[in-house]
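So you can see what is in the structure, the chains are spelled out below.
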Amino acid sequence: METRTPLATIVVAVDGPSGSGKSSVSRAVAQRLGLRYLDTGAMYRAVTWWMLHNQVDVHDAAAVAAAADKPELVSGTDPAGPTITVDGIDVAGPIRGAEVTGAVSAVSAVPEIRTRLVALQRAAIGAGGIVVEGRDIGTVVAPDAALKVYLTASEAARAARRNAESDDPAASVTATQADLARRDALDSGRATAPLSMPADGVLVDTTEMDRDQVVEHLLALVGTRAEDAVR
Ligand SMILES: Nc1ncnc2c1ncn2[C@@H]1O[C@H](COP(=O)(O)OP(=O)(O)OP(=O)(O)O)[C@@H](O)[C@H]1O
Ligand SMILES: Nc1ccn([C@H]2C[C@H](O)[C@@H](COP(=O)(O)O)O2)c(=O)n1
């Protein structure tokens, strides 16, 4: 029989490749359960934004490592309105741009960056009551999480979903898919904390599921690990 955890202290870890639905689904699950929500990808993006903004060469690992402790990062964990600031600047918009997206895998492969951000993430998790999503949550950041979900979908489905949210009518699914594949290869192939499914993780392939079905599925999974009723 599974050990059950009070919702107030539960930690739900959600990992998976780019565009698999981690952010949207994790936020919705956190909102439904009255839990906090932490987007760790936004933290890596915010540090990358800081490096670019401060003219640090993001492909020079030694330069990135030397600056790892400098950005002052603050992540808000309300799922109704997550926030992220660096040195007091709201970077929620700029971190989603092409420049940061193109550089974030290089910055997040630097061990000193990961050490710093993992410490901040563990501090944010604190006593729990949170859904945390990223690439290494179930494997490194919170290996004792009550529930570890590995969310995935076919590359084609993920690219089509990403394009559907784009404002650019000329956006090419082929180009989007190539970018997802590039980032997945870097995130899965790096030496430190590569993206991988935790040994005791639950694989959820959402290729044939809509977002609401995925949310309901995760709520049911949380229900198997929580002491309190989940609805
Ligand atoms: N099951 C689903 N069916 C259809 N669309 C979905 C589904 N899950 C998520 N989406 C949509 O797919 C897009 C990508 O989702 P989301 O940003 O949550 O993924 P992610 O894994 O957090 O991505 P990234 O790692 O790149 O930040 C969003 O537009 C989201 O609304
Ligand atoms: N726990 C994490 C979260 C994210 N990253 C890296 C890898 C991603 O390409 C990048 C941006 O994440 P996204 O916003 O797309 O979820 O950040 C990581 O290495 N570890």
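In the annotation of an unreviewed UniProt entry, the entry for the chain reads Cytidylate kinase, and the organism field reads Yinghuangia soli. For the record of the chain, the UniProt heading Subcellular location (unreviewed entry) holds the text "Cytoplasm".

> Describe the sheet that holds strand 3 (residues 73-76), listing the residues and the values that go with them.
Pairing is antiparallel in the open sheet, where 3 strands are placed in the order 3-4-5. Every other strand in the sheet has two partners, leaving strand 3 and strand 5 (89-90) as the edge strands with one partner each. When strand 4 (residues 83-86) meets strand 5, the two strands line up antiparallel, connected through 2 bridges. Within strand 5, the position partnered with Val-86 by the bridge is Ile-89. Contacting strand 3, strand 4 and strand 5, helix 2 (residues 40-53) crosses the sheet at an angle of about 30° to strand 4.

> Provide a residue-level description of the nonpolar core, including the pertinent values.
Counting residues in hydrophobic clusters, the biggest one holds 37 residues, and the most contacted among them are Met-51, Leu-73, Ile-84, Ile-95 and Ile-113. Going through the elements one at a time, strand 1 (11-15), helix 2, helix 3 (61-66), strand 4, helix 4 (98-108), helix 5 (111-125), strand 6 (130-134) and helix 6 (137-141) are the ones with two or more residues in this core. Grouped together as the second largest cluster of nonpolar side chains are 24 residues, Val-25, Leu-33, Val-131 and Ala-146 included.

> Describe the site of ligand 1, with residues and values.
Taken together, 17 residues lie around ligand 1, and Lys-22, Ser-23, Ser-24, Arg-162 and Glu-165 are the ones closest in. Protein coverage of the free-state accessible area of ligand 1, which is 630 Å², stands at 82%. At the level of secondary structure, the elements contributing two or more residues to the shell around ligand 1 comprise helix 1 (22-33), helix 7 (155-164) and helix 9 (211-225). Examining the composition of the shell around ligand 1, we find that 3 residues originate from one element, helix 1, more than from any other. Tallied by class, residues from the shell around ligand 1 come to 3 nonpolar, 6 polar and 8 charged.

> Give me the sheet that holds strand 1: which residues, what numbers.
Backbone-to-backbone hydrogen bonds join strands into a sheet, with any given pair of strands oriented parallel or antiparallel. Read from one edge to the other, the open sheet built from 5 strands follows the order 2-6-1-7-8, with strand pairing classed as parallel. Each of the sheet's edge strands pairs with one partner strand only, and the pair in question is strand 2 (36-39) and strand 8 (202-205). Averaged over all adjacent pairs, the angle separating strand axes in this sheet is 20°, with direction ignored. As defined by bridge partners, strand 7 (residues 147-152) adjoins strand 8 across 4 bridges and the pair is classed as parallel. Each bridged residue has a counterpart across the sheet, and for Val-149 the counterpart in strand 8 is Val-202. Here helix 1 sits on the sheet and contacts strand 1, strand 2, strand 6 and strand 7; the angle it forms with strand 6, its principal contact strand, is near 180°. Seen against the sheet, helix 9 touches strand 1, strand 7 and strand 8 and runs at an angle of roughly 160° to strand 7.

> Can you lay out the site of ligand 2 for me, pointing to particular residues and giving the numbers?
Not every one of the 15 residues close to ligand 2 is listed here, only the nearest: Arg-45, Arg-114, Asp-136, Asp-187 and Arg-190. The contact in question runs from a nitrogen atom of ligand 2 to an N or O atom on the side chain of Asp-136, over 2.8 Å. Bound to the protein, ligand 2 loses 97% of the 440 Å² it would expose on its own. At the level of elements, helix 2, helix 4 and helix 8 (173-189) are the ones that each hand at least two residues to the shell around ligand 2. Broken down by element, the shell around ligand 2 gets its largest block of residues, 4 residues, from helix 2. Residue classes in the shell around ligand 2 are distributed as 2 nonpolar, 5 polar and 8 charged.

Definitions and cut-offs
- Residues numbered from 1 in each chain as written.
- Chains lettered and ligands numbered in written order.
- Predicted model: local features only at pLDDT ≥ 70, side-chain atom pairs only at ≥ 80, totals over all residues.
- Heavy atoms only, no water.
- UniProt positions renumbered as here; feature names shortened; annotations may be inferred.
- Pairing = 2+ DSSP bridges.
- Helix = DSSP H or I, 4+ residues; strand = E, 2+ residues; numbered from the N terminus.
- Contact = heavy atoms within 4.5 Å.
- Axes fitted to C-alpha atoms, helices over the stretch in contact; angles between N-to-C directions.
- Core = buried A, V, L, I, M, F, W, Y, C linked by side-chain atoms within 4.5 Å.
- Buried < 20%, exposed > 50% of the residue type's maximum accessible area, 1.4 Å probe, protein only.
- Near = heavy atom within 4 Å.
- Areas by Shrake-Rupley, 256 points an atom, 1.4 Å probe, with all protein chains shown as cover.
- Nonpolar A, V, L, I, M, F, W, Y, C, P; charged D, E, K, R; others polar.
- Polar contact = N/O pair within 3.5 Å; in protein donor to acceptor, adjacent residues only side chain to side chain.

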